[in-house]
Amino acid sequence: MTPRSRLATVAALVLVAAACAPGGATSPPATGSSGSPVAGSCPVTPAPAGTPDGWDVTAQHPSVFPQIINPVGSIACGETRLMFSFLDAQNVPVAKPEQSVEVALFDLGADPATPVVTGLATFIWAIEPTVGVYVFDADFPTAGTWGAQLTLTVGDSPPERIRVLFDVQPASNVIGVGDPAPAAETPTLADVGGDVTKISTDDHPIEAFYETSVTDALAAKKPFVLVFATPKFCVSRQCGPTLDRVKPIAAAHPGVTFINVEPYQLQMVDGQLQPVLTGVKPALTPTAATEAWHLLTEPWVYVVDRNGIVTASFMLIFSDEELNAAIAAVE
């Protein structure tokens, strides 16, 4: 892999690439009932003419290589939870909690010398204690070609500045913060005679997670947390335990409805749930709810307020502190 492809690729890291993606499906940009783009649409800055001074990433010789983890098309105008990490020359993830990262984001088509957004990234473990990532909450005012300047500091060592390029879309192709939550008739215990094993692949399911559909939750006009996750068919060390991570958080917020949705179509085979596979190269088949929310990967966790508006969106990896704070804000 060339330095440019390392630094300019907007793709999942090896550590989270195992997080399952809907079987080969591509999602169109999310739209409202009128067919117009969902919340987040904004002006587009024309692309810079050539490479702006200081932004030729092929000229860099960094000690580590940044990787933006957000799926292509999911970084858009408005509030975005930017997630990134670092790889060494052997493609081994090397982010660590003792390493601080200062972020400066530039709209390269407007002004490649003046950052629009600055701040410190937050480190969280993806797989404790071996693999970590950084998250940075940004509010992008424009779409176009953007650059991130990441300044790494470890203890008393001199800081290292590394730059990476990425695109910001006028509107996300994934349901995000500020969007109305799409109604979806997700399976409930009432649909299967109370037998949770017919709608959940969790070995230790919490039945309350399957008592309310998304449609019912929206009609109740109460806040809820929606968890798209499958313990059985997303078996990486990261995405497999997502539900286990959520369970104690749900217990700490008894007044909030939690809904788990298996993101893939399942069927009973010999008394066990098995995935419905489709395509020339058989792949997992997204459910109607997965497609309604335009998900590009899973797990994905949403917080929705009593007005049915998404107030928080957590792709792949989140900290307990992040999710707890997001829930507290809508209680």
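Conventions used here
Residues numbered from 1 in each chain as written. Predicted model: local features only at pLDDT ≥ 70, side-chain atom pairs only at ≥ 80, totals over all residues. Heavy atoms only, no water. Helix = DSSP H or I, 4+ residues; strand = E, 2+ residues; numbered from the N terminus. Buried < 20%, exposed > 50% of the residue type's maximum accessible area, 1.4 Å probe, protein only. Core = buried A, V, L, I, M, F, W, Y, C linked by side-chain atoms within 4.5 Å. Contact = heavy atoms within 4.5 Å.

1. What to know about unusual backbone geometry
Turning to step 1, where the next piece is worked out: Note the cis peptide between Glu128 and Pro129, where omega equals 0°.
Turning to step 2, where the next piece is worked out: If you trace the backbone, Pro129 turns up in the loop between strand 5 (122-127) and strand 6 (131-140).
Turning to step 3, where the next piece is worked out: In this model, Glu298 is joined to Pro299 through a cis peptide bond whose omega is 10°.
Turning to step 4, where the next piece is worked out: Topologically, Pro299 is positioned in the loop between helix 5 (288-292) and strand 15 (300-304).
Turning to step 5, where the next piece is worked out: The phi torsion at Asp270 lies on the positive side, around 55°, for a residue other than glycine.
Turning to step 6, where the next piece is worked out: Relative to the helices and strands, Asp270 is located in the loop between strand 11 (266-269) and strand 12 (272-275).
Turning to step 7, where the next piece is worked out: Note on Asp270: relative accessible area 79%, which makes it exposed.
Turning to step 8, where the next piece is worked out: Even without being a glycine, Leu316 presents a positive backbone phi close to 65°.
Turning to step 9, where the next piece is worked out: By secondary structure assignment, the location of Leu316 is in the loop between strand 16 (310-315) and helix 6 (320-328).
Turning to step 10, where the next piece is worked out: On the basis of relative accessible area, Leu316 is assigned to the buried category, the value being 3%.

2. Describing the nonpolar core
As a rule of thumb, soluble globular proteins bury nonpolar side chains together.
Turning to step 1, where the next piece is worked out: Ranked by internal contacts, the top residues of the largest apolar core, which has 31 residues, are Val214, Phe224, Leu226, Phe228, Trp293 and Tyr302.
Turning to step 2, where the next piece is worked out: Breaking this core down by element, the ones donating at least two residues are strand 5, strand 6, helix 3 (214-220), strand 9 (224-228), strand 10 (257-261), strand 15 and strand 16.
Turning to step 3, where the next piece is worked out: Setting aside its immediate chain neighbours within four residues, Val214 contacts Pro182, Ala183, Ala184, Thr186, Phe224, Leu226, Ile259 and Trp293.

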